[in-house]
Structure formats: structure tokens, C-alpha cells
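For reference, the chains in residue letters:
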Amino acid sequence: MSLSDQTIHIGLVLFPTYQLLDAAGPVDYINNHSKKYVGLLNLPELAAKAPTINWYYIAENLNHVYASSGPGQVPTHTFSRPPAHLDYLIVPGPDPAIRLSYECTRFFQTQFPKLKGLLTVCTGSIALAQTGILDGHKVCSNKWVLRELAKAGSLRKEVTWIGDRRWIVDGKIWSGAGITAGIDLAAEFARAHFDPELVEIVKALSEETPKPDRPDDWAKLLDGIELN
């Protein structure tokens, strides 16, 4: 599905102490394909193929949210008062022990049927599993955390946890494994949705060679561990 020369609306969920690179990597990489960013390159023909991307930052309330590092992020919307329209959501990984509030759970359960896609990175999938929206899907997550939760018998059984992929796409669930896998997931999202010439220019500008879903060098972390 090409998103070239369209307007798309993407929300970033801000959990307390979320991993900064989980969010910053995919957001920045995807945004590099936007009409606004490409317009800075003085390439009008390429800019004509680029989408307009509107970003929204969604949290429990409008107070600053602090990631694992860096300055506070100012939300634009809350779970109880979300944007009027969202096409995609990006969910970076929080502390895997986080318990989602009623408002947060309701937000995901209400928004998911209307989304074109949901991208989750690292332990974002562990948090989302609480809502039930991942049930029946194949999903990646941080392998170190998967290993520990599997040993404790704490993984949600209704989710098919995948331990030998760097990222995986199952329906409209796009999930990345450990922290840096979010950039590879974003690159695959770009490949699937944006103009091929635009995608190649962005890879060159970013000096990025995206890693495929497999083989995954870090699958070894789950050797001998039964996830499902």
C-alpha cells in the first residue's frame, strides 16, 4: 500500500521511562520520508512523491514524560482525549513490569480496530499484551526480557511470541525485537509504504543498511527457552 503524496497521521505512545531509542529511531527514520523533510533537500520531484506526516504524542496526561535518557517529552494528547484521527501508532518499550491504566487499555482497544497499522518496539509488545489486542498474532519483543518472563511463566499465552526474528509483520501488527531493531522495523515499514526512489534516497542519507527479519544474531539468547 503506497502512502506517497498522501497525508498520514502517526501517534507515538509515551510510557513513563520508555526506551528513548525505541521511539527516536523509528520516528526519525520514518519522518525522513516526509514531504517536509525531503523539501529541505532541494529535490522537488522527490518531494512531490513524499507524504505529509502529522505526528501526535500521547500519554496518560499532559505532564512531561521522561524516557530512559534525554529531555522530557511534552505530550500533545492523552489516552482519554486522543487525536481525532490516527492511521498508525508507534509503541516504544517501557519497563516490562508496567501495569497499564484503564484509560490506556481502553485507548488501545478502541483505536486498534481503526488503525492501518501498529508498530511496537522492544518491550512495547509486552505492555500491549495486557490489552488483548495482540492475541492470536505472531509478535517479537526484547529477547532478554522474553527469556526472563518465559522462565517465570509470565508470558501471555494467547500471543505467539517469536524468538528467532529481528522483526515480524503479522496483519497490521508490526513488531520489532530489541531496542535497535526499531530502526530496521521502520525501514521495512518505509519499504512497504513509500515510493521506492524515496526509500533509497533516505537509506543513503541515513547511511543505513536495514537488517532483514532473519537470520537474527541475537536469537541465541533464547536457545533452549520455550516461549509458547
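Quantities reported herein were computed from a predicted structural model and do not represent experimental measurements. (Residues numbered from 1 in each chain as written. Predicted model: local features only at pLDDT ≥ 70, side-chain atom pairs only at ≥ 80, totals over all residues. Heavy atoms only, no water.)

Draft legend 1. View of the overall build of the protein. Looking only at helices and strands, one finds 8 helices and 9 strands in the protein. Expected size for 228 residues packed as a compact globule is a radius of gyration near 17 Å; at 17 Å, the protein falls within 12% of this value. With respect to the three principal axes, the spread of C-alpha positions in the protein is 55 × 40 × 35 Å. The proportion of buried residues among the 228 residues of the protein is 51%. (Helix = DSSP H or I, 4+ residues; strand = E, 2+ residues; numbered from the N terminus. Rg over C-alpha atoms; globule rule 2.2 N^0.38 Å. Buried < 20%, exposed > 50% of the residue type's maximum accessible area, 1.4 Å probe, protein only.)

Draft legend 2. Looking closely at the pattern of salt bridges. Following the criterion strictly, the structure yields 12 salt bridges and no others. Here Glu197 ties to Lys49 by a salt bridge, and the two come within 2.8 Å at their closest N and O atoms. Residue Glu197 is located in helix 8 (residues 196-206), and its partner Lys49 is located in the loop between helix 3 (44-47) and strand 2 (52-59); the two are separated by 148 residues in the primary sequence. The class of Glu197 is partly exposed, set by a relative accessible area of 44%. (Salt bridge = Lys/Arg side-chain N within 4 Å of Asp/Glu carboxyl O.)

Draft legend 3. Representation of the pairing of strand 2 in the model. By the criterion of burial, strand 2 is predominantly enclosed, with 6 of the 8 residues buried. Both strand 1 (residues 7-13) and strand 2 contribute to a ladder of 7 bridges, which runs parallel. Bridge pairing in strand 2 places Thr7 opposite Thr52. (Pairing = 2+ DSSP bridges.)

Draft legend 4. A look at unusual backbone geometry. Following Arg214, the chain continues into Pro215 via a peptide bond in cis, with omega recorded as 0 degrees. Structurally, the position occupied by Pro215 is in the segment after helix 8. Located in the positive-phi region is Thr17, a residue other than glycine, with phi close to 55 degrees. For Thr17, the position within the fold is in the loop between strand 1 and helix 1 (20-31). Residues other than glycine seldom take positive phi values, yet Cys122 does so here, at roughly 55 degrees. With respect to the secondary-structure elements, Cys122 resides in the loop between strand 5 (117-121) and helix 5 (124-128).

Draft legend 5. Seen up close, the packing of aromatic side chains. Taken as a whole and judged by the stated rule, the model has 7 aromatic pairs. Residues Tyr88 and Phe189 carry aromatic rings whose centres are separated by 5.1 Å and whose planes lie at 85 degrees to one another, so their mutual orientation is edge-to-face. With Tyr88 in strand 4 (residues 88-91) and Phe189 in helix 7 (residues 181-193), this residue pair connects regions lying 101 residues apart in the sequence. The pair formed by Tyr88 and Phe189 is uniform in burial state, with each residue classed as buried. Ring centres 6.0 Å apart and planes at 80 degrees place the aromatic pair Phe189 and Phe194 in the edge-to-face group. The class for Phe189 is buried, based on a relative accessible area of 1%. A relative accessible area of 3% means that Phe194 is categorised as buried. Connected via pairs of aromatic rings, a cluster forms that spans Phe15, Phe79, Phe107 and Phe108. Across the ring face of Trp144, the terminal group of Arg147 is positioned such that the distance to the ring centre comes to 4.1 Å. (Phe/Tyr/Trp six-rings, centres within 6.5 Å; stacked < 30°, edge-to-face > 60°. Lys NZ or Arg CZ within 6 Å of the ring centre and 35° of its normal.)

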